[in-house]
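Chain by chain, the residues:
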Amino acid sequence: MIHWLNVILQGILVGGLYAMFAAGLSLIFGVMRLVNIAHGDLIVLAAYVALVVTNSLGIDPLTSLFLVVPIMAAIGYVLQRGLLNFTLGDDLLPPLLVTFGVSIIIQNGLLELFTADSRKLQAGQIEIETVQMLQGLWVGYLPLIQFFVAIAVIAGLQILFYRTALGRAFRATSDDQPVAQLMGIDTRHVFAMAMALSLAVVAIAGVFLAVRANFDPAIGPARLIFGFEAVIMGGLGSLWGTLAGGIILGVAQAIGAELDPGWQVLAGHVVFLAILAVRPQGLFPKVSG
Amino acid sequence: MTRVEHATRSSRIGLALIAVGLIALMLAPYWSDRATLRLLAEMSTYVTLASLWNLLAGYAGLVSVGQQAYVGLGGYLLFWLAIILGVHPIAAVPIAGVVSALLSVPVATLMFRLRGAYFAIGTWVMAEVFRLIASQLSTLGGGSGISLPAAIVIAMAPSRQARDFEIYWLALGITVITLVAIVALLRSRHGLALTAIRDNEVAAQSNGVDVRMVKFLVYVLTAFGTAMTGAVIFLMKLRISPDTAFSVNDWTAFVIFITVIGGIGRIEGPIIGTVIFFALRETLADLGSLYLLMMGAVAIVIMLWAPKGLWGLTAERLGWQALPLRRYLVTHSVPTRGAP
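Predicted, not measured: the structure shown is a model, and the values here were computed from it.

Asks: Which residues make up the overall build of chain A, and what values go with them?
Replies: Check the secondary structure of chain A and you find 11 helices and two strands. Scanning chain A from its N terminus toward the C terminus, one meets helices and strands in the order α-α-α-α-β-β-α-α-α-α-α-α-α. Against the globule reference of 19 Å for 289 residues, chain A gives a C-alpha radius of gyration of 19 Å, in line with a compact fold. If one aligns the C-alpha atoms of chain A with their principal axes, the spans along those axes are about 60 × 50 × 35 Å. Of all intrachain contacts in chain A linking residues separated by at least 6 positions in sequence, the fraction that spans at least 24 positions is 75%.

This is the structure we're talking about:
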């Protein structure tokens, strides 16, 4: 009993990470209907940026966030303003194919620079410290921090979306781009800000991913898929829904892995397909795609 | 007198050139060496894959990044049929196609719940599911894969040369049948519907096109052809593993690259694209990951500045079409160029 409780709890905590993968994806889809195929590779890019920052400055990964987040946000702004803005329009193909191209470029660029070797960020003592929840149930500090950071990120995005001028611009552009433009909103800038924000979230997710497990240039697409599954399961457009989706995915994977190590990822996919079959609009839908 | 015609002068010349090229390709085993023949067979499979993806994404608007699901499925079905059930490998190819087409029906039902770009990633998830299931199949080698046993390979043909010829003609035959089928489909009533969907989905729907049905049909047909091609590809390789069979790079990234460069939404595009892709690969492959990096950059540049691809760029300007697909309204006896 306590064993399964443990499995489920670990799944929930990993779910926070998946929710962060998903939040960035959901954010830009909400604002500009762009699905970024390179999202997973950008998470991996953030992990490598953190690797370079921690190695060259000798700081620990969590502190490196103060540098990695602005760096990734700047990359996001430039990427959107300089490239992706030109793909937006009624046609679905250009944004898909261009972000697919970006994905290939990031993967192979990282391969060229850092080789295919597995890397990991070392967070030191904090990695092994635990706290006792119940008799026989211990939880690591790091997964706990990661989970609460995920909640903070989603709450922050929620406030930003519904309480600030930038959030109002995001929502206005999302609802009706031409009218938003007529009201004096520079949509090119708004889109670039949305991508910057998305990659700021990606940076946090990337650093936690890199502390938790090994990474190499090829693992991006799988992260994209996890984020995507969390978005669809949670319901398009709902930020708290992505948290729920991430947790469901994390728990499904944890239970799958417990039954047979080969089933970890497969179990997540199966639960995703099952939810898609019975409730295609997701658990907490807000907008229709 | 007004009537609708498909053919133009350029399409008549185009057809004549295609006929000559096809005869040369059919006779390739007699004029080329072994390496060239293998290359031609591989190119042939890529023309098929890209033509099918083009039909799916370029015409039906179903942008899938998960067609590797059917390449791998076709390959695995071939190995399963040949090794476990003892079916002759050549006979296993169409069976693999039919079984995959049947399996694609429930997949399509599920995937069609996702719209637009989310459909794209959904198909990728499906391909991953197939890959993970394949790596659990211990009878077919699990995660490390399996080779086609020598006895089955030898039983296919009396000599290695005869086997190479057989597989080459099989690959070429599937390509020709696929292209002919696509041309026939596009010239039919459904083709008009597909072209309408390509140009404007909402307008097509309001003019009475059953968009969903047409898309469904195209998805299943594409699965059929893609799986047969996958079966041939792994019959050539004689070895299969989950990672090669369901590779997103080999069976989707390259295929998209070929179609985008050649010209998406045009039947000639994938053929031109394949020739360019292989020319690049033969000259630049030594660069390794830098080569892939350049490929991604070229695809972005083409998508932004020449979204109709190289064929689209030339054809549009000169009014060419290599195949008689467009509909021209003929008022006298002289075909008018321009408006389709």
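Asks: Explain the overall build of chain B to me, and be specific about the residues and the numbers.
Replies: The helix and strand tally for chain B stands at 16 helices and four strands. Radius of gyration (C-alpha) of chain B: 20 Å, near the 20 Å computed for a compact globule of 340 residues. Principal axes of the C-alpha set define a box for chain B whose edges measure 65 × 50 × 40 Å. Taken across its 340 residues, chain B has 43% of its residues classed as buried. Counted over contacts in chain B with a minimum sequence separation of 6, partners at least 24 positions apart contribute 76%.

Asks: Give a description of the packing of helix H2 (residues 39-57) of chain A against helix H3 (residues 61-82) of chain A that names residues and reports values.
Replies: Residue and element names in this part refer to chain A. Two elements in contact, H2 and H3, have axes separated by 9 Å at closest approach and are oriented at 125°. Considering their axes alone, H2 and H3 lie oblique with respect to each other. The crossing of H2 and H3 is right-handed. Along its contact with H2, which presents Ala46, Val49, Ala50, Val53 and Thr54, the element H3 presents Pro61, Ser64, Leu67, Val68, Ile71 and Met72. A breakdown of the residues in the contact of H2 with H3 according to their chemical character gives nine nonpolar, two polar and no charged.

Asks: So what's going on with the packing of helix H5 (residues 141-163) of chain A against helix H10 (residues 239-259) of chain A? Which residues, and what values?
Replies: All names here are of chain A. In the contact formed by H5 and H10, the axes pass within 9 Å of each other and the chain directions differ by 160°. The orientation of H5 relative to H10 falls into the category roughly antiparallel. For the pair H5 and H10, the crossing hand works out as right-handed. Contacts between H5 and H10 involve Ala150, Ile154, Leu157 and Gln158 from the former and Leu239, Trp240 and Leu243 from the latter. The class makeup of the residues in the contact of H5 with H10 is six nonpolar, one polar and no charged.

Asks: Account for the confidence of the model for chain B, naming residues and giving values.
Replies: Residue and element names in this part refer to chain B. Model confidence for chain B is summarised by a mean pLDDT of 87, while 92% of its residues fall at 70 or above. When pLDDT is averaged over each element of chain B, helix H4 (residues 68-83) comes out on top at 96 and strand E4 (residues 328-330) at the bottom at 65. As a predicted assembly, this complex carries a pTM of 0.88 together with an ipTM value of 0.86.

Asks: Before we move on, can you summarise the interface of chain A and chain B with the specific residues and values?
Replies: Taken residue by residue, the interface counts 31 residues in chain A and 35 residues in chain B. Those elements giving two or more residues to the side of chain A that touches chain B turn out to be helix H4 (93-114), helix H9 (220-234) and helix H11 (264-278) of chain A. Counting residues per element, the side of chain A that touches chain B draws most heavily on H4 of chain A, which supplies 13 residues. Tallied by class, residues from the side of chain A that touches chain B come to 23 nonpolar, six polar and two charged.

Asks: Residues and numbers for H3 of chain A, please.
Replies: Taking 1.5 Å as the rise per residue, H3 of chain A with 22 residues should run 32 Å; its terminal C-alpha atoms sit 30 Å apart, in good agreement. A bend of about 35° at Leu67 of chain A is the largest found in H3 of chain A, and the proline Pro70 of chain A appears one to four places after it.

Asks: Would you mind going over helix H8 (residues 160-187) of chain B in detail, with residue names and values included?
Replies: Residues and elements named next belong to chain B. Its 28 residues give H8 an end-to-end C-alpha distance of 40 Å, which sits within 8% of 40 Å, the value for a rise of 1.5 Å per residue. Among all positions of H8, only Ile167, Tyr168, Leu170, Ala171, Leu172, Ile174, Thr175, Thr178, Leu179 and Ile182 are buried. Buried residues in H8 make contact with helix H1 (9-26), helix H2 (28-31), helix H3 (34-59), helix H5 (89-111) and helix H11 (211-237).

Asks: Before we move on, can you summarise unusual backbone geometry with the specific residues and values?
Replies: All names here are of chain A. Despite not being glycine, Thr115 shows a phi value in the positive range, around 60°. Of note, Thr115 is situated in the loop between H4 and strand E1 (130-134). Note on Thr115: 12 C-beta atoms within 10 Å, which makes it exposed.

Asks: Break down the environment of Pro261 of chain A for me, citing the residues and quoting the values.
Replies: All names here are of chain A. If you trace the backbone, Pro261 turns up in the loop between H10 and H11. Classification of Pro261 as exposed rests on a count of 8 C-beta atoms within 10 Å. Separated by 223 residues in sequence, Pro261 and Ala38 place their C-alpha atoms 28 Å apart.

Asks: Help me get a handle on the pairing of E1 of chain A, residues and values and all.
Replies: The element E1 of chain A is barely covered by neighbouring structure, given that only zero of its five residues are classed as buried. Two successive antiparallel strands, E1 of chain A and strand E2 (residues 137-140) of chain A, enclose a turn made up of two residues, where Gly136 of chain A displays a positive phi of approximately 85°.

Asks: Help me get a handle on the environment of Val87 of chain B, residues and values and all.
Replies: Residues and elements named next belong to chain B. By the element assignment, Val87 lies in the loop between H4 and H5. For Val87, a count of 18 C-beta atoms within 10 Å translates into the label partly exposed. As for Val87 and Leu172, which are separated by 85 residues in sequence, their C-alpha atoms are 22 Å apart. Residues within four places of Val87 in sequence aside, it is in contact with Leu81, Ala82, Ala92 and Ile95.

Asks: Give a detailed account of the environment of Gln161 of chain B, specifying residues and quantitative values.
Replies: Residues and elements named next belong to chain B. Turning to its location among the elements, Gln161 is positioned in helix H8. Residue classification places Gln161 among the exposed residues on the basis of 12 C-beta atoms within 10 Å. Separated by 144 residues in sequence, Gln161 and Leu17 place their C-alpha atoms 29 Å apart.

Asks: I'd love a proper account of the nonpolar core, names of residues and values included.
Replies: With 198 residues, the main nonpolar core has Ala46, Ala47, Ala194 and Val207 of chain A together with Leu78 and Ala231 of chain B as its most contacted residues. The greatest single-element share of this core, amounting to 20 residues, is contributed by helix H8 (residues 187-212) of chain A. Apart from residues no more than four positions distant in its own chain, Val207 of chain A is found in contact with Ala46, Ala47, Ala50, Pro61, Ser64, Leu65 and Val68 of chain A.

Conventions and cut-offs
Residues numbered from 1 in each chain as written. Chains lettered and ligands numbered in written order. Predicted model: local features only at pLDDT ≥ 70, side-chain atom pairs only at ≥ 80, totals over all residues. Helix = DSSP H or I, 4+ residues; strand = E, 2+ residues; numbered from the N terminus. Rg over C-alpha atoms; globule rule 2.2 N^0.38 Å. Contact = placed C-beta atoms within 7 Å. Buried ≥ 20, exposed ≤ 12 C-beta atoms within 10 Å, placed from the backbone. Axes fitted to C-alpha atoms, helices over the stretch in contact; angles between N-to-C directions. Parallel < 35°, antiparallel > 145°, perpendicular 65-115°, else oblique. Left-handed = near helix turned anticlockwise from the far one by under 90°. Nonpolar A, V, L, I, M, F, W, Y, C, P; charged D, E, K, R; others polar. pLDDT = per-residue confidence, 0-100. Expected span 1.5 Å × (residues − 1). Bend = angle between axes of the 7 residues up to and from the residue. Pairing = 2+ DSSP bridges. Core = buried A, V, L, I, M, F, W, Y, C linked by C-beta atoms within 7 Å.

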